[in-house]
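# Fold and geometry: a report
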Amino acid sequence: LNDPLRLRAVSPQHYAVRGTPSDCVIMAVRRLLPDKPDLILSGVNSGTNIADDISYSGTIAGAIEGTLLGIPSIALSQGYEYSAGERVVPWATAEALAPAIIGKLLAFGFPRGVFYNVNFPNVSPAKIKGTAITVQGELSHGLHVEERRDGRNLPYYWLMYRRQQGKLTPGSDDAAIAANMVSVTPLRLDMTARDLTDPLRHHFSRESG
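Here we summarise the structure given alongside this text.

One can describe the packing of helix α1 (residues 21–32) onto helix α2 (residues 58–68) by two numbers: an axis separation of 7 Å at closest approach and a directional angle of 30°. Relative to α2, α1 is oriented roughly parallel. The way α1 lies across α2 gives a crossing that is right-handed. Counting all contacts with α1, which are made through Pro21, Ser22, Val25 and Ile26, the residues of α2 involved are Gly58, Thr59, Ala61, Gly62, Glu65 and Gly66.

Here is the structure:
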């Protein structure tokens, strides 16, 4: 919030923003477009955004921003692998399959406060086994901090992420990706744990009484 946003015109109807995906959505809606768009597509990101990873995802945040603005929004992400030290992304998979999925989601509709998270596995289009409607999965937290020293012997730190795949839950997004299926997960802005509101209210009333 303390740094200015830089907007650059790349070509007609193409712009670059030096900021986050959420910043891109805000700049597009509040600055560039004369009216609200009919749809926001955040992505396609290189790398899946599934399970607990959605909490960190800028791609998801772009779709959240669009939903907050009252615009139908979809986050899209494509799995990839490293080969010879380089990232190899099978963009053809998302390119081939996304249009039909987006069309079906538009036909189904976007309930208030809901957006969709679409993930494509790291395989070619011919190896896709289908499309699954999923729930958010769960990963074991693999983030740790590695300390190093610079040329002046001052410490600096890298956040190191070593994903630890836990047990796959049937019907989850990570299970679908592991089975070479496209995952479509409906997500809601409201993160309230509604099953706990009454027990928590009762607990506080009992403690205060």
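With that out of the way, let us pick up the pattern of salt bridges. For the structure on display, the rule yields four salt bridges. The shortest N-O distance in the salt bridge between Arg148 and Glu146 comes to 2.7 Å. For Arg148, a relative accessible area of 35% translates into the label partly exposed. The partner of Glu147 in a salt bridge is Arg149, with the nearest N and O atoms 3.0 Å apart. The class for Glu147 is partly exposed, based on a relative accessible area of 44%. Overall, Arg149 belongs to the partly exposed group, its relative accessible area being 46%.

In this section: helix α3 (residues 91–108). Along its 18 residues, α3 runs 26 Å from first to last C-alpha, staying within 8% of the 26 Å computed at 1.5 Å per residue. The sharpest bend along α3 comes to roughly 40°, located at Ala98, with the proline Pro99 sitting one to four residues further on. Those residues of α3 that sit buried are Thr93, Ala94, Ala98, Ile101, Ile102 and Leu105. Those residues of α3 that are buried are in contact with β3 (40–46), β4 (73–78), β7 (114–120), β8 (131–133) and β11 (182–188). Positive phi shows up at Gly109, right after α3, with a value of about 110°.

Below, the discussion takes up the side chain of Ser172. Within the element layout of this structure, Ser172 appears in the loop between β10 (155–161) and α4 (173–178). Only 2.6 Å separates the side chain of Ser172 from the backbone oxygen of Thr169, close enough to count as a polar contact. Leave out the neighbours within four places in its chain, and Ser172 touches Thr134, Val135 and Gly137.

Here we come to the sheet that holds β4. Sheet strands pair via backbone hydrogen bonds, and the direction of the pair is either parallel or antiparallel. Read across the sheet, five strands follow the order β3-β4-β7-β11-β8 without closing on themselves; strand pairing throughout is mixed. Taken across any chain shown, the strands that pair with only one partner, and hence form the sheet edges, are β3 and β8. Neighbour-to-neighbour, the strand axes of the sheet open up by a mean angle of 20°, direction not taken into account. Where β3 lies against β4, five bridges are found, and the strand directions are parallel. Note on β4: the bridge partner recorded for Ile40 is Ser73.

The next point concerns the pairing of strand β1 (residues 6–11). Of all six residues in β1, zero are buried; the element is thus mostly exposed. Sheet topology places β1 next to strand β2 (residues 14–18); five bridges connect them, and they run antiparallel. Each bridged residue has a counterpart across the sheet, and for Arg8 the counterpart in β2 is Ala16. Remark: two residues form the turn of the hairpin made by β1 and β2, two consecutive strands paired antiparallel; Gln13 in that turn has positive phi of roughly 65°.

Most of β4 is tucked away: six of the six residues are buried. Side chains Ser73, Ala75 and Ser77 project from β4 onto one buried face, and the interleaved Ile74, Leu76 and Gln78 project onto a second face that is buried too. The β-α-β motif built from β3, the intervening α2 and the parallel element β4 has right-handed crossover chirality. Looking at chain direction, β4 and β7 are connected through five bridges and run parallel. Each residue of the ladder has a partner; that of Ile74, found in β7, is Tyr116.

The rules behind these values
- Residues numbered from 1 in each chain as written.
- Predicted model: local features only at pLDDT ≥ 70, side-chain atom pairs only at ≥ 80, totals over all residues.
- Heavy atoms only, no water.
- Axes fitted to C-alpha atoms, helices over the stretch in contact; angles between N-to-C directions.
- Helix = DSSP H or I, 4+ residues; strand = E, 2+ residues; numbered from the N terminus.
- Parallel < 35°, antiparallel > 145°, perpendicular 65-115°, else oblique.
- Left-handed = near helix turned anticlockwise from the far one by under 90°.
- Contact = heavy atoms within 4.5 Å.
- Salt bridge = Lys/Arg side-chain N within 4 Å of Asp/Glu carboxyl O.
- Buried < 20%, exposed > 50% of the residue type's maximum accessible area, 1.4 Å probe, protein only.
- Expected span 1.5 Å × (residues − 1).
- Bend = angle between axes of the 7 residues up to and from the residue.
- Polar contact = N/O pair within 3.5 Å; in protein donor to acceptor, adjacent residues only side chain to side chain.
- Pairing = 2+ DSSP bridges.
- Right-handed = clockwise from strand over helix to strand, strands pointing away.

This is a description of form; function is not addressed.
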